[in-house]
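# Architecture and fold: a report
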Amino acid sequence: MASPFYWIVLLIAIGGEFLVPIVLSFFYPKYHYFHDGLGKLSNPTSPVQWIYRIWQFMVGIIMIIGGVGLFYSMGAVSIFLMILLILYGVGGRMIPAVL
């Protein structure tokens, strides 16, 4: 069984997914958390684009670490979930952060 480190890391990522856009909305006057999409934060005209892109990249790394941790804690049963988390981390977070 893996240490609870992996679960704590995933909980931080989940909490950050809600908190980071809310915090960044204070520094981007034209962004409204409840009305605008998250893509507006990484828009080239956004004053917080680099902070949000760095956060996206970090979440990608966290998802990869969480996927591996899930595999180690649950074994071969969770290999499909591990692959999904890694694909989401790379394709859904890391690649968009650098483009």
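Residues numbered from 1 in each chain as written. Predicted model: local features only at pLDDT ≥ 70, side-chain atom pairs only at ≥ 80, totals over all residues. Heavy atoms only, no water.

## Concerning the overall build of the chain
Condition: Comment: elements are numbered from the N terminus, with helices defined as DSSP H or I runs of at least four residues and strands as E runs of at least two. Under the scheme applied here, a residue whose accessible area is under 20% of the maximum for its type counts as buried, over 50% as exposed, and between as partly exposed, the area being computed with a 1.4 Å probe on protein chains only. A contact between two residues is defined here by any heavy atoms of the two lying within 4.5 Å.
If you tally the helices and strands in the chain, you get three helices and zero strands. With respect to the principal axes defined by its C-alpha atoms, the chain has extents near 45 × 25 × 20 Å. Out of the 99 residues belonging to the chain, those deemed buried represent 35%. Residue pairs in contact within the chain that sit at least 24 positions apart in sequence constitute 49% of those at least 6 positions apart.

## What about the pattern of salt bridges?
To keep things clear, this is the line we draw: By convention in these notes, a salt bridge is any Lys or Arg side-chain nitrogen within 4 Å of a carboxyl oxygen on Asp or Glu.
A full pass over the atoms with the stated rule returns two salt bridges. Across the pair Arg-93 and Glu-17 runs a salt bridge whose closest N-O atoms are separated by 2.4 Å. Within this pair, whereas Arg-93 is found in helix H3 (residues 79–98), its partner Glu-17 is found in helix H1 (residues 5–25), the two being separated by 76 residues in sequence. Residues Asp-36 and Lys-40 are paired through a salt bridge, measuring 3.4 Å at the closest nitrogen-oxygen approach.

## Remarks on the environment of Ile-83
Mapped onto the elements of the fold, Ile-83 is located in helix H3. A sequence separation of 16 residues divides Ile-83 from Gly-67, and the C-alpha atoms of the two residues are 7.1 Å apart.

## Some details on the packing of aromatic side chains
For clarity, the threshold we go by: Between the rings of Phe, Tyr and Trp (Trp by its six-membered ring), a pair exists once the centres lie within 6.5 Å; its type follows the angle of the planes, with under 30 degrees stacked, over 60 edge-to-face, and the other angles tilted. Placement of a positive charge over a ring is assigned whenever Lys NZ or Arg CZ falls within 6 Å of the ring centre and within 35 degrees of the normal to the ring plane.
Under the defined criterion, the tally for this structure stands at three aromatic pairs. With 6.1 Å between their ring centres and 5° between their planes, Tyr-28 and Tyr-31 make a pair best called stacked. Taking relative accessible area as the criterion, Tyr-31 reaches 2% and is therefore assigned buried. We note Arg-53 situated over the ring of Trp-50; from NZ or CZ to the ring centre the distance is 5.7 Å.

## Here we look at a nonpolar patch on the surface
Put simply, the test is: Each patch is built from residues lacking any salt bridge and having more than 30% relative accessible area; the joining distance is 9 Å for like charges and 5 Å for nonpolar side chains (Val, Leu, Ile, Met, Phe, Trp, Tyr). Method for areas: the Shrake-Rupley scheme with a 1.4 Å probe, in which residue coverage is limited to the protein chains shown.
A cluster of nonpolar residues, Phe-5, Phe-57, Ile-61, Ile-65, Val-90, Ile-95, Val-98 and Leu-99, forms a patch on the protein surface that exposes about 700 Å² of accessible area. When residues of the nonpolar patch are traced back to their parent elements, those giving at least two are helix H2 (49–74) and H3. By the secondary structure assignment, Phe-5 is in helix H1.

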